[in-house]
Amino acid sequence: MNFRILLRTLVLLFLSSALYSQVTVSGHISDPDGANVPDVQVAISANGRKLTTTSDNNGSFRFLHVAPGAYRLRVEAAHGFEAYERNIAAGTNAVSLSIQLKVSSVAQEVVVASEPDAVSLDDSNNRDQIKADASLLQSVPVFDQNYIAALSPFLDQTGIGTGGVTIVVDGVERKGIGVSASAIAEVRINRDPYSAETRQPGRGRIDIITKPGTPHVHGSFNFTIRDSVTDAKNYFAVTKPFEQKRIYEGSITGPAAMDHHTTFLISGTRQEDNLQSIVHAITPSGVTNANVATPLHNTEFAARISHDFSPANRVSLQYNVSDVVTRNQSVGGLVLAEAGTNQRVREDDVIFTQRIIVTPNLLNQIQLFYEQDYGPIRSTTNAPRIVVDGNFVGGGAQADMLQNENNLKINDTVSWTHRHHYVTFGVNIPNLSRRAWDDNSNRWGTYNFASLSDYQSAKPYSFTQQAGPGRAIFWMNELGAFVQDQVQLRKNLQVSFGIRYDWQTYFKAWNDFGPRGSIAYRFKDQKTVLRGGAGLFFDRSGAPPEADLNRYNGHTIRAVTLLNPGYPNPYPPGMDINSFPTNLVTLEPAGRVPYNINYSLTAERELVKGLTLAVTYRGMRGISLLRSRNVNAPLPPAYTVVPDGDFGIVRQMESRGKQIGNTFDFTLQGKAGRWFSGMTQYTYSHTNNDTGGVTWFPANQYSLAGEYGRSDLDQRHRFNMLGAFNGDHWVNLGVAVKLYSGLPYTKTAGLDRYNTGLLNARPDGVSRNTLQGGRTAALDLHWGKENELGLKNGDVKAKVGLSIDVFNVSNTTSYTTYVGNIRSAFFARPTAAMPARRVQFGAQLTF
């Protein structure tokens, strides 16, 4: 017996000795000017085995549990840089490397080693993520150079949250990209889905990496044009409207000083979009179809300068400006031309970034971001708004408003590598924001009619109107802090665990700590990885709910609602808006931000070199989801007397909703030899909830019966494909395919059965979201060809290219909006459709 104990002890001592004799190999990859080079593949190999990983956003990489010995390290060619190779020796101490890549002078073909590759365990290299670099994005159909829109179909719409999609650009959370298309190096979705560094789960955010500065002057200029001459007619248009869009876009980068320690990047775009919207409505004169001009002009400019004070200290300063001017917005479908708005949205940003390599194992990056926004909205017609549910919207838009914002964002992240650990911690402050809203909307009032016959009989079911100063100034502050440790327990086993804290104004909860963790196991074949993870993610309210609490407080805005008023004179003789009790917006005492529990299990398999299949199950439980309820609604059973006659509608925002979602993803991504590069994904999902968001009201304010059902965004089947075939040949083809099943919508009774002024009551026995719209189908194609000009700019040959994109090639009609009011002649019928076939031409010059 003692001999067995002694033998076990010796075995354990031997194993622990072998484990702790292994070391960490880490490093940092930079360009000739010292800028970080992210997302390049790094491999170390010896004795027929290879370990691979990918550099992160800071250009750092690491291998944990490396046994002592001699290795060959290789950094693959990428982003226009040459491959890098060297021998390294792993001993008893950690190995730290500083690698500076050279710009490639000629196109290279990567030679695949004969030794078997090991699929990476790194959390940021999960194979069910969607990853597209600049080369792929230029080889596939992208409408109007909008890379975000091209990849957004791969997001999980039910998991995005109240604040919308999170866009992270070079580590900073932003409203938009900030730079033009040709300055983007890479776009990712679902990268490291359980990272504690970010607020949203992987499928609710988009990570963007912009191009770094270069030692020589390089640039890209693009011209894109689209004209209705080559387009097909929209399904609801009687005649094909004249439309034309022109995009002038470019970027240039290079050295800003002779010392080669300073680089610059300048990018810009000008979009002139003379488009038209299609009205399809029912008015007293019958079915109305009309083409309405809705032009949009967008100007964006960005300039960045970076300087290396030393190889370990890099500072950059960037300025962005975006100015978007639109006319006749909101027009189309049931909304007539007279009910449109003219808008302008201008955003100015200043971004300071400093990256300091304190030691080879310790890196700190801090980013300060100042943002100023200006957004006026003006109605095209000054007249009362007329809403005839399921038929038409006319009169004035009644949407006059001015929004100003001054915002500071702070992001400080520390990365530390030690033996088997890769630790990150830091602080995210996405909003220290002072906002001013001047609300002059609905000053003429809005008449709501339940049906066309009621409109013709001058019998509105409600009238709403606002008065008062309308100016609300408030602070919207949000704070996040995190710590995370990624540990490689063995060569084929890695775990990651962390915790994040989130806090915001108004919807306060002091205990919003979200633990997150993941595990990855690689099988002996080196081609198969099993990943699992779970985490708690806290949402945000966004600005509108906080603005509502400040505006509809009984003083800033006086808003009244009259039931069954007269028309066109809603007030009784001798009375006006001040004669009726005001509406209020409140937050329930226990009101808080929603949160989700996400969990998943993924099996990844490398089918051939560079091509991976990932099968993923994802589960989600939404807790404390936001909704609204009129706590001063008429009491049952008669629904005629309100609890407090001193007030009108009292909209109380509540955190009581729930959501349950289950999803299966099948993702095929990578390269299949020279003939295909891209990604294909099929998703089956089913999501139920009992709320449609913070502005959603139940049909009966005193009962949630029938409210739990399909989510508004519950699409059972989604198939997306984005890829390029035979990309290196003049006979090439970029393809985008979208095939989706329909979204649900709700059947309504067309009567204000509960006297709430909402008109969302359903027929007896009918639950929410029991009807389903039509499917979506679209096939887009791209062809492009580049030719060298024979001119050489430093280390790159100048090229000129031409491209043609065709969107919705088969001209398939996909409907988008359906009417649920059973009293409308449009009941269960669509009123709008996605665009018909469109053709886009492009020209490009790179040097």
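Predicted, not measured: the structure shown is a model, and the values here were computed from it. (Residues numbered from 1 in each chain as written. Predicted model: local features only at pLDDT ≥ 70, side-chain atom pairs only at ≥ 80, totals over all residues. Heavy atoms only, no water.)

Help me get a handle on the overall build of the chain, residues and values and all.
In terms of helices and strands, the chain carries five helices and 48 strands. Relative to its length of 847 residues, the chain is compact, with a C-alpha radius of gyration of 29 Å against a globular reference of 29 Å. Considered along the principal axes of its C-alpha atoms, the chain spans approximately 95 × 80 × 45 Å. By residue count, 56% of the 847 residues in the chain fall in the buried class. Intrachain contacts of the chain at a sequence separation of at least 6 include 70% that bridge at least 24 residues. For the chain, the accessible area works out to roughly 35400 Å², and carbon and sulfur atoms hold 59% of it. With 81 positive and 73 negative side-chain charges, the chain shows a spacing of 5 Å between the two charge centroids. (Helix = DSSP H or I, 4+ residues; strand = E, 2+ residues; numbered from the N terminus. Rg over C-alpha atoms; globule rule 2.2 N^0.38 Å. Buried < 20%, exposed > 50% of the residue type's maximum accessible area, 1.4 Å probe, protein only. Contact = heavy atoms within 4.5 Å. Areas by Shrake-Rupley, 256 points an atom, 1.4 Å probe, with all protein chains shown as cover. Lys, Arg positive; Asp, Glu negative; His and termini not counted. Charge placed at Lys NZ, Arg CZ, Asp CG, Glu CD.)

Can you break down the sheet that holds strand β28 (residues 462-467) residue by residue, with the values?
Across the sheet, which stays open at both edges, the five strands sit in the order β24-β23-β27-β28-β33 with mixed pairing between neighbours. The outermost strands of the open sheet, each flanked by one partner alone, are β24 (392-395) and β33 (558-563). Averaged over all pairs of adjacent strands, the angle between their axes in this sheet comes to 15°, without regard to strand direction. (Pairing = 2+ DSSP bridges. Axes fitted to C-alpha atoms, helices over the stretch in contact; angles between N-to-C directions.)

Account for helix α5 (residues 543-551), with residues named and values stated.
For α5, the tally of buried residues reaches eight of nine residues, placing the bulk of the element in the interior. Burial in α5 covers these residues: Ala543, Pro545, Glu546, Ala547, Asp548, Leu549, Asn550 and Arg551. Where the residues of α5 are buried, they touch β25 (401-418), β26 (421-439), β29 (471-490), β30 (493-504), β34 (584-587) and β37 (650-672).

I'd like to hear about empty space enclosed by the protein, residue by residue, with values.
Counted according to the given criterion, the structure contains five cavities of 30 Å³ or more. Estimates place the volume of the second largest cavity at around 370 Å³. Every residue lining the second largest cavity is counted, 31 residues in all, and those nearest its centre are Asn190, Pro193, Tyr194, Ser600 and Arg618. For the lining of the second largest cavity, the secondary-structure elements that each account for two or more residues are β31 (513-522), β32 (528-538), β35 (595-608), β36 (611-630) and β37. Taken together, the residues that form the lining of the second largest cavity break down as seven nonpolar, 17 polar and seven charged. (1 Å grid on protein atoms, 1.4 Å probe; cavity = no way out; pocket = protein on both sides within 12 Å on 5 of 7 lines; lining within 4 Å. Points joined across faces, edges and corners; volume = space filled by probe spheres on them. Nonpolar A, V, L, I, M, F, W, Y, C, P; charged D, E, K, R; others polar.)

Summarise the side chain of Ser220; cite the residues concerned and give the values.
Following the sequence through the fold, Ser220 ends up in strand β14 (residues 218-227). Every residue in contact with Ser220, bar those within four places of it in the chain, is listed here: Ser182, Glu249, Gly250, Ser251, Gln844, Leu845, Thr846 and Phe847.

Describe the pairing of strand β2 (residues 41-46), listing the residues and the values that go with them.
Most of β2 sits out of view: five of its six residues are buried. By the bridge criterion, six bridges tie β2 to strand β3 (residues 49-54) in an arrangement that is antiparallel. Within β3, the residue paired with Ala46 across the bridge is Arg49. Two elements, β2 and strand β5 (residues 69-75), share four bridges in a ladder whose sense is antiparallel. Bridging from a neighbouring strand, Val42 pairs with Val75 of β5.

Give me a nonpolar patch on the surface: which residues, what numbers.
Where nonpolar side chains cluster on the molecular surface, the patch consists of Ile266, Phe301, Ile305, Leu317, Tyr319, Val350, Tyr370, Leu408 and Leu432 and spans about 690 Å² of accessible area. Counting residues per element, the ones that place at least two in the nonpolar patch are β19 (296-310) and β20 (313-329). (Patch = residues over 30% accessible without salt bridge, like charges linked within 9 Å, V, L, I, M, F, W, Y side chains within 5 Å. Salt bridge = Lys/Arg side-chain N within 4 Å of Asp/Glu carboxyl O.)

Go over the pattern of salt bridges with me, naming the residues and quoting the values.
Scanning the entire structure with this criterion turns up 49 salt bridges. For Arg304, the salt bridge identified is with Asp170, shortest N-O distance 3.9 Å. Here the residue Arg304 occupies a position in strand β19, and Asp170 occupies one in the loop between β10 (166-169) and β11 (172-174), the gap between them amounting to 134 residues. Put simply, Asp207 and Arg205 hold a salt bridge, and the shortest N to O gap is 3.1 Å.

Let's hear about the layout of surface pockets: which residues, and what values?
As a volume, the second largest pocket reaches approximately 400 Å³. The leading source of residues in the lining of the second largest pocket is β33, at four residues. In the lining of the second largest pocket, the residues fall into 11 nonpolar, 10 polar and no charged.

Give me the packing of aromatic side chains: which residues, what numbers.
Taken as a whole, this structure holds 29 aromatic pairs when the rule is applied. Seen from their ring centres, Phe221 and Phe847 are 5.9 Å apart, and the 20° between their planes marks the pair as stacked. Remark: Phe847 occurs in the segment after β48 (838-846) and Phe221 occurs in strand β14; sequence separation between them is 626 residues. Put simply, the rings of Phe392, Tyr447, Phe449, Tyr455, Phe463, Tyr567, Tyr571 and Phe580 touch in pairs and so form one group of aromatic residues. Between the NZ or CZ atom of Lys658 and the centre of the ring of Tyr708, over which it lies, the distance is 5.0 Å. (Phe/Tyr/Trp six-rings, centres within 6.5 Å; stacked < 30°, edge-to-face > 60°. Lys NZ or Arg CZ within 6 Å of the ring centre and 35° of its normal.)

How would you sum up the environment of Leu64? Please name residues and give values.
As for its placement among the helices and strands, Leu64 is situated in strand β4 (residues 60-66). Along the chain, Leu64 and Lys491 lie 427 residues apart, while their C-alpha atoms are 7.4 Å from each other.

Which residues make up the nonpolar core, and what are the values?
Leu151 and Ile208 are the most contacted members of the largest nonpolar core, which has 29 residues in total. Looking at this core, the elements that each hand over two or more residues are β9 (130-133), α2 (134-137), α3 (147-151), β10, β12 (184-189), β13 (205-210) and β40 (717-725). A total of four residues in this core trace back to one element, the largest contributor, which is α3. (Core = buried A, V, L, I, M, F, W, Y, C linked by side-chain atoms within 4.5 Å.)

Residue-level account of the environment of Ile356, with values.
Examined against the element boundaries, Ile356 turns out to sit in strand β21 (residues 341-359). The class for Ile356 is partly exposed, based on a relative accessible area of 28%. Sequence separation between Ile356 and Val414 is 58 residues, and the spatial gap between their C-alpha atoms is 9.6 Å. If we ignore the near neighbours within four places in the chain, the residues touching Ile356 are Ala312, Asn313, Leu362, Leu363 and Asn364.

So what's going on with the sheet that holds β9? Which residues, and what values?
The five strands are arranged β9-β12-β13-β10-β11 in an open sheet whose pairing can be described as mixed. What marks the edges here is a single partner per strand, and that holds for β9 and β11. Going from strand to strand, the sheet's axes swing by 25° on average, the running direction of each strand aside. Two elements, β10 and β11, share three bridges in a ladder whose sense is antiparallel. Residue pairing across strands places Ile167 opposite Arg174, the latter belonging to β11.

Tell me about the side chain of Thr602, and please be specific about residues and values.
Mapped onto the secondary structure, Thr602 falls in strand β35. At 2.9 Å, the side chain of Thr602 and the side chain of Thr616 are in polar contact. Aside from chain neighbours lying at most four places away, what touches Thr602 is Asp128, Val529, Leu530, Arg531, Ala614, Val615 and Thr616. (Polar contact = N/O pair within 3.5 Å; in protein donor to acceptor, adjacent residues only side chain to side chain.)

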